[in-house]
Amino acid sequence: PVELTINIQFEKVDITKILLTYYNGIGNIGTVAITPAEIALLHSYDDNTLRRKLASCIINVPTNEIEREMKKPHGVFEISDMELKIKVNGNMGYLCMPFKTGQEIKSGSVSVDVFYQLLRPFFHFSNCAVVFITAKSCSQNLLNEIKRANEKYSFAIEVIENEQLAKLLKLNGQLT
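All of the points below concern the structure found in this document. Because the structure is a prediction, the values reported are computed rather than measured.

**A short note on the packing of aromatic side chains**
And then number 1: Tallying each qualifying case throughout the model produces three aromatic pairs.
And then number 2: Ring centres of Y94 and F125 lie 4.1 Å apart, and the angle between their planes is 20°; this geometry places the pair in the stacked category. Here Y94, found in strand β2 (residues 91-97), pairs with F125, found in the loop between α5 (115-124) and β5 (128-134); they are 31 residues apart in sequence, far enough to count as distant.
And then number 3: Of the residues examined, Y94 reaches a relative accessible area of 22% and is grouped as partly exposed.
And then number 4: According to the relative accessible area criterion, F125 is buried, its value standing at 16%.
And then number 5: Ring pairing ties together the aromatic residues F122, Y153 and F155, which thus form one cluster.

Here it is as structure tokens:
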């Protein structure tokens, strides 16, 4: 038997800077109050609605690119639900956004089973950041895997989930 060791290590990315640069108002979501009715509304959105509403919160990316990515079809061939060209560490890269709606996630939280969707962009792009957009909260197992990937391999993965997502949408006039 032959043992292969593959060392996957990416350049560290300041994901907080990416959030502040490309998500309008995300630094101010702590000032926004959310009601249970607004969370229920967020959970009712289908994939197309959530993509459209989140796309309205994206800044510093050409609108034609946002619109194309927002409307592209789903399938096994996709890298992520949306991939936007951005600057990552000063070079051209991609902001990849997998989405999970409240309609898709029937349980109370997002299972670790979706983790492969967060890793997929790193196998396609050498310079990218992943922001997981989910209407429901991530399970602790999923959050642990994200932390491990970020720390051990320098993957740039962040999550905008549940109340944070509702607040971002509300701040941008999209929680309607």
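There's plenty left to go through after this.
**Some points on the layout of surface pockets**
And then number 1: Computed from the structure, the largest pocket encloses a volume of approximately 190 Å³.
And then number 2: As for the largest pocket, its lining consists of 13 residues, of which L19, E158, V159, I160 and Q164 are closest to the centre.
And then number 3: For the lining of the largest pocket, the secondary structure elements donating two or more residues are α6 (140-153) and β7 (157-161).
And then number 4: The greatest single-element share of the lining of the largest pocket, amounting to five residues, is contributed by β7.
And then number 5: In the lining of the largest pocket, the residues fall into eight nonpolar, two polar and three charged.

**Re the pattern of salt bridges**
And then number 1: On inspection of all chains with the given rule, the structure shows seven salt bridges.
And then number 2: Between E67 and K71 there is a salt bridge; the shortest N-O distance is 3.0 Å. In this pair, E67 and K71 both sit in helix α4 (residues 63-71), four residues apart, roughly one turn of the helix.
And then number 3: One network of salt bridges, with partners in common, ties together E69, K72 and E83.

Calculation notes
- Residues numbered from 1 in each chain as written.
- Predicted model: local features only at pLDDT ≥ 70, side-chain atom pairs only at ≥ 80, totals over all residues.
- Heavy atoms only, no water.
- Phe/Tyr/Trp six-rings, centres within 6.5 Å; stacked < 30°, edge-to-face > 60°.
- Helix = DSSP H or I, 4+ residues; strand = E, 2+ residues; numbered from the N terminus.
- Buried < 20%, exposed > 50% of the residue type's maximum accessible area, 1.4 Å probe, protein only.
- 1 Å grid on protein atoms, 1.4 Å probe; cavity = no way out; pocket = protein on both sides within 12 Å on 5 of 7 lines; lining within 4 Å.
- Points joined across faces, edges and corners; volume = space filled by probe spheres on them.
- Nonpolar A, V, L, I, M, F, W, Y, C, P; charged D, E, K, R; others polar.
- Salt bridge = Lys/Arg side-chain N within 4 Å of Asp/Glu carboxyl O.

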